[in-house]
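# Residue-level structure breakdown
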Amino acid sequence: MTRHQPLIALVGNPNAGKSALFNALTGARQKIANYPGVTVERKSGRFAFADGRPAELIDLPGSYSLDPTSPDEAVTRDVVMGRQAGERQPDALVIVLDSANLDQHLVFALELLQLGLPTVIALNMVDLAERDGLTLDATRLAADLGVPVIPTVAVRRRGLTELAAALDAVILAKQVPHAPLGEPDMRARRRRAEHIATAAIVSQTQSRRWTDRADALLLHPFAGPLILFALLFVIFQAVFSWATPFADALEAGAGALGEFATAVIPEGFFRSLVVEGAIAGVGSVVVFLPQIVILFFFILMMEATGYMARAAFIMDRLMASVGLSGRSFIPLLSSFACAIPGIMATRSISDEKDRLTTILIAPLMTCSARLPVYTVIIAAFIPEIAVGPGIGLQGLVLFGLYVFGIIGAMVVALVLRSTVAKGGASGFLMEMPKYQMPRLADLALGLWQRAWLFLRRAGTIIFAVTIGLWLLLSYPQVPPGSSMSQSEYSAAGRIAGVLEPVVAPIGFSRDIALALIPAMAAREVAVSALATTYAIDATDEDEQAQALGERLAGRWSLPTALAFLAWFVFAPQCISTIAVTRRETNGWKWPMFMVGYLFGLAWIAAGITFWTATAFGL
């Protein structure tokens, strides 16, 4: 019996279901940190055997071989071989195999079995294999591999008890693989994997043809991209049309809350702090929660159904034209939610120049933090009219902004791959996950996590920055009889006055310059900053009760509003994104390069937009 708490590593190919199995076994008992000396995450958790004894479980990055081609695969190799600094060698391995791709996944499994560690095979997603007409004999597979093989369905928690019992047995007995595994040559392993997989098949029908027909359409060189862009178009239409009733309700609630606070709190510092700072600032961001939830609903649906990987395959040809590969698509797509996980996801890219380029263009993907900025400006200046059956002009403009960011990223990638990150496109190999119906519980959990993250961000970073901005806007107070407004006379106004000459040529006023500064903390703060500024300058309660969009429509010209949108397509991301870029590139050189080129692009794009719109008399 081991004297220490057993350390068990989950290992296998990408898309085998390791993370789902890890979540099912550990539940909420998880923690995430970096491995010492590298930027690859260490995801660990605790679970208990039947008798209550605890064990530590680590979820290793998906790999194809112990001969690494990326930082992720290098960590997997070092951990399972006991070479990783600060990490002892696991007491046991759980090799997770995709039942429907058994011959491919067994190649890496045979390599892992040669390490001679106590091992259990999790034959995962057996329900999907059976749905597609494939039935496997786990007993025959166990006999051929010399280790226990447990059928599992991680997302439905099937087979977990049996898996834990098998792990307990092999750890206590220090049972190692005993079947002859052949030569460690890749070709030899591949031939033996094919033999073992074939022998394990009990029955196989042709019911998989419908998935082949679906792929023939969705992955078609011409139809596939059209379907993908049509889907994205529908998503951005829905962000506006579906969210409007909920956003209006939240906006009305924030207005009512402000009126209530004004009525019950005596006039003075505290009422101004609550009404003009907290409610006007933070409330102006929270009203965009419905748009955030709808956007993530579609992203989660694409992931859960198996379409996300196919979207990466479709984009591979476009990515190759600018010197990247489809492998860069997943990190870039993740950046639509937030650039931070997108940049961290580049660890799976083996080519260093490819990875660097992907990191540098990730901020050009329109993250969810920009959505409140886009929404408030579009709602204020773009008419809510239909331009076709089921097609609204507002949703069309939002879709255009996302496309504008993607095109900008591709152009920048082409320039970078021809200059500072010169190199050819690397190869791209990806397994297509099986189509499946999403579980409502998983979707609900994912939406709740993202909604809570947005609200927590609004209640911490955005709240702190907004209150700080309110203080700078409120003091020193404008003397009686002065022709200056409070926002101009304040400390914040004087700071913005330094930036105003830089942005005035592109149509930006002092108020806009003031909003750009705190937006470096979080993109959404641009909205709260504008709301707080105009609340400070409000001359009566009716003006103070106006929604932000109404105030903007009365103060900004259309060319200025369009230039503001163009600015945020390219403007550098938040400070947290810059910090994670520094960590991923091991220095300040590339983060500073990224900030510089993005500021330059933002100024040029906003200027061209403003000058063109003005020339056309808009």
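As a reminder, the structure under discussion sits directly above these lines.
So, a few notes on the structure that sits alongside this text. (Residues numbered from 1 in each chain as written. Predicted model: local features only at pLDDT ≥ 70, side-chain atom pairs only at ≥ 80, totals over all residues. Heavy atoms only, no water.)

### Looking at the overall build of the protein chain
Just so we agree on the cut-off: Counting from the N terminus, the helices are DSSP H or I runs at least four residues long and the strands are E runs at least two residues long. Computation of the radius of gyration draws on C-alpha atoms alone. For the globule rule, the value is 2.2 Å times the number of residues to the power 0.38. Each residue is assigned to one of three classes by its accessible area relative to the maximum for its type, calculated with a 1.4 Å probe on protein chains only: buried under 20%, partly exposed between the two thresholds, exposed over 50%. By definition, residues are in contact when any of their heavy atoms lie within 4.5 Å. Every accessible area reported is derived by Shrake-Rupley at a probe size of 1.4 Å, with residue values counting cover from the shown protein chains alone. Positive charges come from Lys and Arg, negative ones from Asp and Glu, while His and the chain ends are left out of the count. A charge is said to be at NZ when it belongs to Lys, at CZ for Arg, at CG for Asp and at CD for Glu.
Each helix and strand counted, the protein chain has 28 helices and eleven strands in total. A compact globule built from 618 residues should have a C-alpha radius of gyration of about 25 Å, and the protein chain, at 28 Å, falls within 12% of that. Based on the C-alpha atoms only, the size of the protein chain along its principal axes is roughly 90 × 55 × 45 Å. Looking at the protein chain residue by residue over its 618 residues, the buried ones come to 53%. In the protein chain, the proportion of contacts linking residues at least 24 apart, taken out of those at least 6 apart, comes to 73%. Of the accessible surface of the protein chain, which amounts to about 26,400 Å², a share of 63% is contributed by carbon and sulfur atoms. Charge separation in the protein chain, taken as the distance between the mean sites of 48 positive and 49 negative side-chain charges, equals 7 Å.

### Quick notes on the pattern of salt bridges
Stated formally: Here, a salt bridge means any side-chain nitrogen of Lys or Arg that lies within 4 Å of a carboxyl oxygen of Asp or Glu.
Evaluation of the coordinates by the stated rule reveals twelve salt bridges. The residue aspartate 59 makes a salt bridge to lysine 18 at a minimum N-O spacing of 3.1 Å. Taken together, the residues aspartate 59 in strand 4 (residues 54-59) and lysine 18 in helix 1 (residues 18-26) connect sequence positions 41 residues apart. Here the two residues aspartate 59 and lysine 18 agree in accessibility, since each one is buried. One salt-bridge network, held together by shared partners, links Asp51, Arg53 and Asp168.

### Points about the side chain of aspartate 168
Going by this rule: In protein, a polar contact means a hydrogen-donor-capable atom and an acceptor-capable atom, both N or O and within 3.5 Å, with residues adjacent in sequence counting only if both atoms are side-chain atoms; elsewhere, any N or O pair within 3.5 Å suffices.
Tracing the chain through its elements places aspartate 168 in helix 6 (residues 160-173). For aspartate 168, a relative accessible area of 15% puts it in the buried group. A distance of 2.2 Å separates a polar atom in the side chain of aspartate 168 from a polar atom in the side chain of arginine 53. Residue contacts for aspartate 168: discarding those within four places in its chain leaves Phe49 and Arg53.

### Here's the deal with the packing of helix 11 (residues 269-286) against helix 23 (residues 525-537)
Here is the rule: Simply put, an axis is a line fit to the C-alpha atoms, just over the touching stretch for a helix, and the angle between two N-to-C directions goes from 0 to 180 degrees. Each crossing gets its hand from how the near helix is turned against the far one by less than a right angle, where anticlockwise is left-handed and clockwise is right-handed. Following the grouping adopted for this structure description, the nonpolar residues are Ala, Val, Leu, Ile, Met, Phe, Trp, Tyr, Cys and Pro, the charged ones are Asp, Glu, Lys and Arg, and the polar ones are all others, Gly among them.
At a minimum axis distance of 8 Å, the contact between helix 11 and helix 23 shows a crossing angle of 145 degrees. Here helix 11 runs over helix 23; the crossing is right-handed. Mapping the contact onto sequence places Glu276, Gly277, Ala280, Gly281, Val282, Ser284 and Val285 in helix 11 and Val527, Ser528, Ala531, Thr532, Ala535 and Ile536 in helix 23. Partitioning the contact of helix 11 with helix 23 into residue classes produces seven nonpolar, five polar and one charged.

### As for the packing of aromatic side chains
The geometry of an aromatic ring pair comes down to the distance between the two centres and the angle between the two planes. Just so we agree on the cut-off: Stacked, tilted and edge-to-face are the three classes applied to pairs of Phe, Tyr and Trp rings, where Trp contributes its six-membered ring and a pair requires centres within 6.5 Å; stacked means planes under 30 degrees apart, edge-to-face means over 60, and tilted covers the rest. Put simply, a charge is over a ring when the Lys NZ or the Arg CZ is close to the ring centre, within 6 Å, and near the line of the ring normal, within 35 degrees.
This model, assessed by the stated rule, comprises 17 aromatic pairs. One aromatic cluster in this structure is built from Phe381, Phe508, Trp556, Phe564, Trp567, Phe568 and Phe599. Here arginine 494 stacks its cationic end above the ring of tyrosine 489, 4.7 Å away from the centre of that ring. The side chain of arginine 582 reaches across the aromatic face of tryptophan 588, ending 5.8 Å from its centre.

### Brief notes about helix 27 (residues 575-585)
The criterion, for reference: To be clear, the arc concerns the directions from the helix axis to the C-beta atoms.
Inspection of helix 27 places Thr577, Ile578, Val580, Thr581, Glu584 and Thr585 among the buried residues, and these make up the whole buried set. Along helix 27, the residues classed as buried sweep out an arc of 165 degrees about the axis, all on the same side. Positive backbone phi, at 60 degrees, marks asparagine 586, one or two positions downstream of helix 27.

### Some remarks on a negative patch on the surface
So the rule is basically this: Residues enter patches when they are more than 30% accessible in relative terms and free of salt bridges; like-charged ones are connected within 9 Å and nonpolar ones (Val, Leu, Ile, Met, Phe, Trp, Tyr) within 5 Å.
On the surface, Asp248, Glu251, Glu384 and Glu550 cluster together into a patch of negative charge. Within the secondary structure layout, glutamate 251 lies in helix 10 (residues 244-264). Residue classification places glutamate 251 among the partly exposed positions, given a relative accessible area of 38%.

### Overview of the pairing of strand 5 (residues 92-98)
Applied cut-off: Each pair of strands is called paired provided DSSP finds at least two bridges between the two strands. Think of it like this: strands point away, you trace from the first strand over the helix to the second, and a clockwise trace means the crossover is right-handed.
A large share of strand 5 lies buried, amounting to seven of its seven residues. The two faces of strand 5 match: Ala92, Val94, Val96 and Asp98 on one face and Leu93, Ile95 and Leu97 on the other face are all buried. Relative to strand 5, strand 1 (residues 7-12) is paired through five bridges, and the arrangement is parallel. Across the sheet, residue leucine 10 finds its bridge partner in strand 5, namely valine 94. Looking at chain direction, strand 5 and strand 6 (residues 119-124) are connected through six bridges and run parallel. Looking across to strand 6, one finds that leucine 97 is bridged to leucine 123. Viewed along the sheet, the connection from strand 5 through helix 3 (residues 102-113) into strand 6 turns out right-handed.

### A look at a nonpolar patch on the surface
On the surface, a cluster of nonpolar side chains totalling about 400 Å² of accessible area is made up of Phe269, Phe270, Leu471 and Tyr475. Its place among the elements puts leucine 471 in helix 19 (residues 440-474).

### Considerations on the nonpolar core
Applicable threshold: Residues enter a nonpolar core if they are buried and are Ala, Val, Leu, Ile, Met, Phe, Trp, Tyr or Cys, with the set joined through side-chain atoms within 4.5 Å.
Grouped together as the largest cluster of nonpolar side chains are 119 residues, with contacts concentrated most on Ile361, Phe508, Trp556 and Phe564. Setting aside chain neighbours within four positions, we find isoleucine 361 in contact with Leu324, Leu332, Ala409, Met410, Val412, Ala413, Leu416 and Tyr597. By size, the runner-up hydrophobic cluster in this structure holds 39 residues, among which are Ala9, Val11, Phe108 and Ala200.

### Regarding helix 23
Filter applied, for reference: Expected helix span is computed as 1.5 Å times (number of residues minus one).
Here helix 23 contains 13 residues, and its C-alpha end-to-end distance of 18 Å stays within 8% of the 18 Å for a straight helix at 1.5 Å per residue. Across the 13 residues of helix 23, 13 count as buried, placing the element largely inside the fold.

### Digging into the environment of arginine 355
When you line up the elements, arginine 355 lands in helix 16 (residues 352-361). Using a relative accessible area of 7% as the deciding quantity, one classes arginine 355 as buried.

### Here we look at the packing of helix 18 (residues 393-418) against helix 26 (residues 558-570)
How we decide: Working rule for angles: under 35 degrees goes down as roughly parallel, over 145 as roughly antiparallel, 65 to 115 as roughly perpendicular, anything else as oblique.
At their nearest, the axes of helix 18 and helix 26 sit 9 Å apart, and the two run at 45 degrees to each other. Overall, the two elements helix 18 and helix 26 adopt an arrangement that is oblique. Where helix 18 crosses over helix 26, the handedness of that crossing is right-handed. Contacts between helix 18 and helix 26 involve Leu401, Phe404, Gly405 and Gly408 from the former and Leu565, Val569 and Phe570 from the latter. For the contact of helix 18 with helix 26, the per-class residue count stands at five nonpolar, two polar and no charged.

### Let's talk about unusual backbone geometry
When glycine is set aside, most residues are seen to have a negative phi, and most peptide bonds are trans. In the segment running from tyrosine 475 into proline 476, the intervening peptide bond is cis, with an omega of -10 degrees. Relative to the assigned elements, proline 476 resides in the loop between helix 19 and helix 20 (486-489). Backbone geometry places methionine 125, a non-glycine residue, at a positive phi of 60 degrees. If you trace the backbone, methionine 125 turns up in the loop between strand 6 and helix 4 (126-131). One non-glycine residue, asparagine 586, adopts positive backbone phi at about 60 degrees. Position of asparagine 586 relative to the elements: it lies in the loop between helix 27 and helix 28 (589-615). Accessibility expressed as a relative area gives 68% for asparagine 586, which makes it exposed.

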